[in-house]
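So you can see what is in the structure, the chains are spelled out below.
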Amino acid sequence: MPVVVVESPAKAKTINKYLGDDYTVLASYGHVRDLPPKDGSVDPEHGFDMKWEVASDSQKHVRAIAEALKDDPELILATDPDREGEAISWHLEEALRKRRALKKDTPVRRVVFNAITKSAVTEAMKNPRDIDAPLVEAYLARRALDYLVGFNLSPVLWRKLPGAKSAGRVQSVCLRLIVEREMEIEAFRPREYWTVTAELATPRGQTYAARLTVLGGKKLDKFDIADATQAELAVQAITSRDLAVSSVEAKPATRNPAPPFMTSTLQQEASRKFGMGARQTMSTAQRLYEAGHITYMRTDGIDMAPEAVHAARDAIADRFGADYVPKSPRMYKNKAKNAQEAHECSRPTDMTKDAAALRLSDADQRKLYDLIWKRTLACQMEAARLERTTVEIGSRDGQVGLRATGQVVLFDGFLKIYEEGRDDAEDEDGNRLPQISEGEAAEKRDIKPEQHFTQPPPRYTEATLVKKMEELGIGRPSTYASIVTTIQDRGYVRKDKNRLLPEDKGRLVTAFLVNYFRKYVGYDFTAKLEDELDDVSAGERDWKDVLDRFWRDFSAALAETSDLRISEVLDKIDEVLAPHLYPPQEDGGDPRACPICGNGRLSMRTSRAGGAFIGCSNYPECRFTRPFGPPGMEDGDEIGPDGKLLGHDAGDAITLRKGRFGPYVQRGEASEAQPKPPRASLPKGWEPSEIDLEKALLLLSLPREVGPHPDDGEMIEAGIGRYGPFVKHGKKYANLASVDEVFEIGQNRAVEVLAQKKTRGASAAKPLKELGEHPENGGPIAVMDGRYGPYVKWEKVNATLPKGTDPADVTLDMAVKLVAEKAAKKGGGKTAAKKPVSAKKSGGAKKSGTAKKSAASGGGSTARRKAAGG
């Protein structure tokens, strides 16, 4: 009876339904081996020999598979149909052979399917193959490159640039995109222009809007009306003339649907329509795929299987009628150069089932499936037919001309079900015009001039960043989400209103790399390297040749930086960023002259926390500082090393500052008499940009005396602690619902809240998010709010969420993994992964004890381990 291995328990559960009792289905729980984060894991001196290590939490899964093979000596590797899936299969076979769980004559077969349906799985089982060696070699080359860059470049950053955390082969290029976009925005100078719009009426009294396009007999360009004076002259020119319709032109137009989803377009549309990040989108799509609802979600392909096209056309006819089905199927051609990434598009496995028919309980899955289903059906529907009308209106002397545009949908076609979102504003007029005839008079009802300013390029969202990476050829479907996530986790980039902004550290790292390792953060170089890796996967290039060429030049670049001093690096970065940091002054003065002392010179400095700022060379006599960036940012959200002055109270300066644990307000300065001046952290939800003197004084006044408790006369206090807002009576604390209550709560209400705390102790806490039953062991899993932050709870196991994870983004799969890791650390306790997912009980599988620490655990600091991951 063959042993079938897949990546996840959810996928194993779905496949098990189709294969039945004739197979033992086990999960590997992702990659089972990786390079240990220490020197020598990739050895360029000996043919790039790579030393692999089975991760401590993977030991038990490999052991379970080995035990199952004692009774069923046939292995079928059914991991995902891409490079990562091929690598997992290869690692499993290698690890099992090392354990001698596979004999020389043990059959090992590889099967792939693009969808987890009965027909796809059954067909795959009939057509096994060997592991694809070129695909594995492409993985090995990519993993070695990421290790060599991360493990060698990151220590250079630590030594030369205080506060920097890591660099990666692709993450650093991605960070450069965000930093350069921000510099474009900061360098942008808006230009004023005006438009004039008239409200006109037909002889029948129906109104419509028309924009001025001709003035003084000349066609207007965008900036021709430059200010209010010129706009007023334009209004007078229209007002003083009679207008008539000179032409009416109606043209038919068609609008075709967008192609079906591939990875990048799915991430972009989920971001536009739902505000979902790349990681959240892929995690949700993964669950839909593993449940058998959609085809594989990591793909560069937009073609559809012929049977899927026919199924979609049948579903369209059934739901909307034959008019919505084009005469011939729509064919979409793949643009991907790399065949291994160009699987079929991401589409539903059953075209007849909409989201309601699947009865999905998870809201994210429901939304994403609905999006995929609608896009897939739309791509095979008839085009929308429109009529676009242009009306030209002018004065008899030809000095003034206006234009009105509109369109009407004659047949909605694919718009019946779906319309693609846009990243930019609509540039066409969708208004419907009244009946207008050539030669008729146009009565002037109102004329409005409107001021405009040109806008800087927009900051990237995760979706538009992925789109840009795709355009440049940087990254691949399997890496987009992790790259975008990594630069945020490293603290190089933050997300604000769904837009990505570079932090000081991100700017400095980019400036350093562009100056000292320009080639390796070049867009063309990175894209070319990706193409070479694609050639390896296609069997057209030797993977070690790629590594050898890269390492020869890269190691030389590393050697050139070995003698650099920190001061030298900072001076160089200061010089490189000078046009940005010290732009020319309008009065022709020295942009580096200190505005306070007059004779000091401004230069870039770094703080102990790793941030950067601009300071005076006469420090500490002159304490002038301003945020890292061009002048004029002092009133923004940025906070200098000596804080942002909010005002004075009782002779003390009240400042807003940045500390290790976040922003805080402070009264006065540290001195020998008062080494620790009064401070108060900003509560959750209070943005630094919103803090003024009044709010700062409120925080510094805490704890606030509410009034004496009626039982003993002891004072009740309200304040904000590490666990949020509270009221306190003696040693008894009770949480308050909001920060505002700290400043508003009265004596009676405080007594009531404290009394309620006594009776609430025994009641169960309400989950932040219920995730459902544990897929293997049963029992509810939920996200809870704890004293130390949100955590996942399953029975007696509590697993803290990783830093920066939004409780709303936690999925069941993510929670199961966190619980399993926590349980494994506890050792003897009940584990969340106590048995492998199997179609039958694995006869010889033993209960795993506490996993021993791998050699990796002692092989370097946390930062160094992160760096090795690239």
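Nothing here was measured: the structure is a model prediction, and the numbers come from that model.

**Structural notes on the overall build of the protein**
Helix and strand counts for the protein come out as 24 helices and 32 strands. Counting only residues that meet the buried cut, the protein has 49% of its 870 residues in that class. Within the protein, counting contacts between residues at least 6 apart in sequence, those at least 24 apart form 66% of the total. Of the roughly 42,900 Å² of accessible surface on the protein, a fraction of 48% belongs to carbon and sulfur atoms.

**Brief notes about the sheet that holds strand β32 (residues 797-800)**
If you walk across this open sheet you meet the four strands as β29-β30-β31-β32, and the pairing is antiparallel. If you trace the sheet from one side to the other, it starts and ends with β29 (769-773) and β32, each paired once. Here the average twist between neighbouring strands, direction ignored, is 25°. The sheet contact formed by strand β30 (residues 780-786) and strand β31 (residues 789-794) spans six bridges and is antiparallel. Bridge pairing in β31 places valine 783 opposite valine 792.

**A few points about the sheet that holds strand β19 (residues 612-616)**
Sheet architecture is open: three strands sit in the order β18-β19-β20, paired in antiparallel fashion. The two strands at the open ends of the sheet, each matched to only one other strand, are β18 (602-606) and β20 (625-627). With strand direction ignored, the average angle separating the axes of adjacent strands in the sheet is 35°. As paired elements, β19 and β20 share three bridges and run antiparallel to each other. Each bridged residue has a counterpart across the sheet, and for glycine 615 the counterpart in β20 is threonine 625.

**Some remarks on the environment of glutamate 192**
Mapped onto the elements of the fold, glutamate 192 is located in strand β9 (residues 192-201). Residue contacts for glutamate 192: discarding those within four places in its chain leaves Phe223, Ala226, Asp227, Ala228, Gln451, His452 and Phe453. Side-chain polar atoms of glutamate 192 contact the side chain of tryptophan 194, separated by 2.8 Å. There is a polar contact of 2.9 Å between the side chain of glutamate 192 and the side chain of glutamine 451.

**Points about the nonpolar core**
Among the nonpolar cores identified, the biggest contains 81 residues, and Leu161 and Phe517 are the most heavily contacted of them. Core analysis: the next-biggest nonpolar cluster, separate from the first, contains 59 residues, Met262, Met304, Ala312 and Phe411 among them.

**Brief notes about unusual backbone geometry**
Peptide bonds are trans in most cases, and residues, glycine excluded, mostly fall at negative phi. Here the residue pair tyrosine 619 and proline 620 is connected by a cis peptide bond, since its omega of 5° sits within 30 degrees of zero. With respect to the secondary-structure elements, proline 620 resides in the loop between β19 and β20. Geometrically, the link from leucine 702 to proline 703 is a cis peptide bond, its omega value of 0° lying close to zero. Among the secondary structure elements, proline 703 is positioned in the loop between α20 (693-700) and β25 (704-708). Positioned with a positive phi, arginine 100 is a non-glycine residue whose angle comes to about 65°. Judged by relative accessible area, which is 75%, arginine 100 ranks as exposed. In the Ramachandran plot, lysine 497 falls in the positive-phi region, its phi being about 50° despite a non-glycine side chain. Structurally, lysine 497 is set in the loop between β16 (493-496) and β17 (499-502).

**A look at the pairing of strand β13 (residues 384-395)**
In regular strands, side chains alternate between the two faces of the sheet. For strand β12 (residues 243-255) and β13, the ladder comprises twelve bridges, and the chain directions are antiparallel. What sits directly across from alanine 253, in β13, is leucine 386. Hairpin geometry of β13 and strand β14 (residues 400-411) is characterised by an intervening segment of four residues between the two adjacent antiparallel strands and by a positive phi of about 75° at glycine 398.

**Focus on the pairing of β19**
With respect to burial, β19 is a largely interior element, five of its five residues being buried. Every second residue of β19 is oriented toward a common face, with Ala612, Ile614 and Cys616 on one face and Phe613 and Gly615 on the other, all of them buried. When β18 meets β19, the two strands line up antiparallel, connected through five bridges. Paired with serine 603 across the bridge in β19 is glycine 615.

**Let's talk about the state of the cysteines**
Taken as a whole, this structure holds zero disulfides when the rule is applied. Free cysteine cysteine 616: the closest other cysteine sulfur is in cysteine 597, separated by 3.6 Å.

**Details of the pattern of salt bridges**
All told, the structure shown has 47 salt bridges when counted by the stated rule. As a salt-bridge pair, glutamate 443 and arginine 445 come within 3.2 Å of each other at their nearest N and O atoms. For glutamate 752, the salt bridge goes to arginine 749, with nearest N and O atoms at 3.6 Å. A residue pair is termed a helical-turn pair when its members lie 3 or 4 positions apart in one helix, as glutamate 752 and arginine 749 do in helix α22 (residues 747-760) at three residues.

**Topic: the environment of proline 259**
Within the fold, proline 259 resides in the loop between β12 and α8 (263-274). Taking C-alpha positions, proline 259 is 9.1 Å from cysteine 345, a pair spaced 86 residues apart along the chain. Ignoring sequence-local partners within four residues, the contact set of proline 259 consists of Ile302, Tyr332, Arg375 and Cys379.

Scoring rules and cut-offs
Residues numbered from 1 in each chain as written. Predicted model: local features only at pLDDT ≥ 70, side-chain atom pairs only at ≥ 80, totals over all residues. Heavy atoms only, no water. Helix = DSSP H or I, 4+ residues; strand = E, 2+ residues; numbered from the N terminus. Buried < 20%, exposed > 50% of the residue type's maximum accessible area, 1.4 Å probe, protein only. Contact = heavy atoms within 4.5 Å. Areas by Shrake-Rupley, 256 points an atom, 1.4 Å probe, with all protein chains shown as cover. Pairing = 2+ DSSP bridges. Axes fitted to C-alpha atoms, helices over the stretch in contact; angles between N-to-C directions. Polar contact = N/O pair within 3.5 Å; in protein donor to acceptor, adjacent residues only side chain to side chain. Core = buried A, V, L, I, M, F, W, Y, C linked by side-chain atoms within 4.5 Å. Disulfide = S-S within 2.5 Å. Salt bridge = Lys/Arg side-chain N within 4 Å of Asp/Glu carboxyl O.

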